[in-house]
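# Descriptive structure summary
One-letter residues, chain by chain:
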Amino acid sequence: MITVEHLSKSFGDFSVLRDISVDIKQGEVISIIGPSGSGKSTFLRCINLLDRPSGGKIRIKGIDMLDRHTDVAKVRQKMNMVFQSFNLFAHLSVIDNLTLAPMKLLGKSRQEAERKAHELLRLIGLGEKYYCFPDELSGGQKQRVAIARCLAMEPEIILFDEPTSALDPTMVSEVLSVIRRLAKEGLTMLIVTHEMDFARDVSTRVFYLDEGAIYEQGTPGEIFGNPGREKTKAFIRRQQSLYQRLFSADFDLYSLNAEVESFCSRHLVPLKSRHGLTLLIEEVLQLYGTSSSFFPIDITVNYSEKTGQLELLLESPPGSANPLELQGEDSALGLAIIRNLLLDREFTHSDNRNILKLYLKNP
Amino acid sequence: MTIETIKQTSALVVAVSGRMDAVTAPEYEKKINELLDSGEVSYVVDFGQLEYISSAGLRALLSTTRRIRDKQGCILLANIVGNVKEVFEMSGFGSIFTVHATVDQALKMLPG
């Protein structure tokens with residue numbers, strides 16, 4: 001249905017999309033997720049040529065969109081787009097918004113176009129709003145009308161560009177439930193969204209975009225349940241990270257604490273968890289401080305805003321022992337505290353680094 | 001960490017506040033050693049205003065307690081709450097020391 005080969009897009013020297021190749025089959029519902037600025041909307045806009053690609057090929061039902069002989073407007077009639085900002089005609093009533101394009105472009109009679117518009121408005125729960133103007137509607141109602149207007153053209157493909165991003169949170173669900181219903185009816189849909197639960201429920205496939213490329217793709221189960229790559233994992237878990245390097249055992253504990261405290265404040269880590277994290281860092285570093293062979297140490301604090309899980313990663317030079325296996329009276333108290341703070345721990349050796357991963361209990 | 005002392009009839013009340021960690025624990029040890037050297041042997045340590053303690057703080061507490069007992073003195077702990085109480089429980093310290101709910105309760109345990 002949609003074939004994209006080596007698609008790229010640059011704005012001047014700034015590369016937004018790099019070498020994207022995908023094949024989307026009829027009836028697929030694709031959610032496109034990823035951090036802001038990763039090129040999600042540009043990807044969608046390139047597919048229907050609202051942004052012209054810098055390179056690559058796009059075929060819609062076998063038609064080469066970049067062939068100068070292609071009637072792009074005609075292809076767009078079958079591949080409609082719903083925008084974040086609704087883009088309704090403010091001077092036209094709801095019914096006129098829905099009937100204008102079918103009459104002008106599909107050659108439908110007014111009677112036929114209005115019959116279809118009534119049917120669609122009832123379908124999206126706005127049967128009473130035929131004669132209202134967009135300004136008389138809430139954001140959620142406007143977006144539902146925009147979806148109905150799109151359906152009035154009887155498209156085979158719909159591209160949704162962050163359809164709920166401009167909405168008040170109370171109105172998101174009404175729009176998502178309309179899109180859910182369309183997904184069940186077998187329309188081919190590409191949806192750029194930040195609504196992760198929705199993407200998991202509605203999609204047949206999920207593309208995770210990062211740095212202008214499809215970094216990882218898979219079924220919702222794979223992407224949300226068991227993502228394979230680090231950036232996908234961090235995004236799905238809404239993970240925030242703090243990095244610090246300690247060069248010797250004479251490191252400045254208070255400076256490190258200040259960094260950790262600032263990180264925790266910025267990401268609203270609960271006070272109870274902050275205390276556990278600060279304590280864990282001090283206790284573990286006391287153990288590392290017993291030998292210069294542990295230094296330099298790279299410390300990473302990962303915090304999942306989604307689950308509240310805090311992780312502490314300590315990377316030390318190869319050959320250094322697992323500090324949690326130190327014996328002795330001096331380390332016994334610290335080890336007892338560490339054990340109580342942890343949910344789990346892992347120590348791995350590699351050629352270059354030894355990595356200790358500590359997972360804090362979620363209080 | 002701030003350490004304040006108040007002389008009572010039966011003991012010296014040592015009120016610690018702030019953080020008792022790897023950086024500040026030596027200050028506590030130094031202070032108690034100075035007091036011991038000046039002949040003070042009965043202590044009630046008030047933890048009510050202490051926000052944070054780590055194993056370094058606990059070790060300082062343990063080593064000073066040994067010195068006090070070596071001099072036939074006594075040390076009672078009081079007012080251990082919140083995060084500090086949790087660390088005491090995690091480390092098993094709660095079973096090593098008798099902890100009193102308030103400074104007054106601790107003082108009553110000592111001969112006037």
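Structure report, in brief. (Residues numbered from 1 in each chain as written. Chains lettered and ligands numbered in written order. Predicted model: local features only at pLDDT ≥ 70, side-chain atom pairs only at ≥ 80, totals over all residues. Heavy atoms only, no water.)

### Structural notes on the overall build of chain A
Across its full length, chain A holds 12 helices and 15 strands. In terms of C-alpha radius of gyration, chain A reaches 27 Å, well past the compact-globule figure of 21 Å for 363 residues. Based on the C-alpha atoms only, the size of chain A along its principal axes is roughly 90 × 45 × 35 Å. The buried share of chain A, reckoned over its 363 residues, is 52%. Contacts in chain A between residues far apart in sequence, at least 24 positions, make up 64% of those at least 6 positions apart. Treating the 43 positive side-chain charges of chain A as one cloud and the 47 negative ones as another, the clouds have centres 7 Å apart. (Helix = DSSP H or I, 4+ residues; strand = E, 2+ residues; numbered from the N terminus. Rg over C-alpha atoms; globule rule 2.2 N^0.38 Å. Buried < 20%, exposed > 50% of the residue type's maximum accessible area, 1.4 Å probe, protein only. Contact = heavy atoms within 4.5 Å. Lys, Arg positive; Asp, Glu negative; His and termini not counted. Charge placed at Lys NZ, Arg CZ, Asp CG, Glu CD.)

### Observations regarding the environment of Met171(A)
Residue and element names in this part refer to chain A. One can find Met171 in helix α6 (residues 169-184). Along the chain, Met171 and Glu329 lie 158 residues apart, while their C-alpha atoms are 60 Å from each other. Contact partners of Met171, with chain neighbours within four places excluded, come to Ser138, Gly139 and Gly140.

### Let's talk about the interface of chain A and chain B
The parts lose accessible area when they come together, and the size of an interface is often stated as this lost area. Across the contact, 18 residues belong to chain A and 19 residues belong to chain B. When the two sides are added together, the surface that chain A and chain B hide from each other amounts to roughly 1600 Å², 57% of it contributed by carbon and sulfur. On the chain A side of the interface with chain B, the three residues burying the most area are Tyr254(A), His275(A) and Leu333(A), jointly 35% of the side's total. Connecting chain A to chain B are 1 salt bridge. In this structure, Lys272(A) engages Glu86(B) in a salt bridge whose closest nitrogen and oxygen atoms are separated by 2.6 Å. Where chain A touches chain B, the interface holds 8 residue pairs in polar contact (both at pLDDT 80 or more). Those elements giving two or more residues to the side of chain A that touches chain B turn out to be α10 (253-266), α11 (271-288) and α12 (329-341) of chain A. Per-element tally for the side of chain A that touches chain B: the top contributor is α12(A), with 8 residues. (Buried area = accessible area lost by both parts, 1.4 Å probe. Salt bridge = Lys/Arg side-chain N within 4 Å of Asp/Glu carboxyl O. Polar contact = N/O pair within 3.5 Å; in protein donor to acceptor, adjacent residues only side chain to side chain.)

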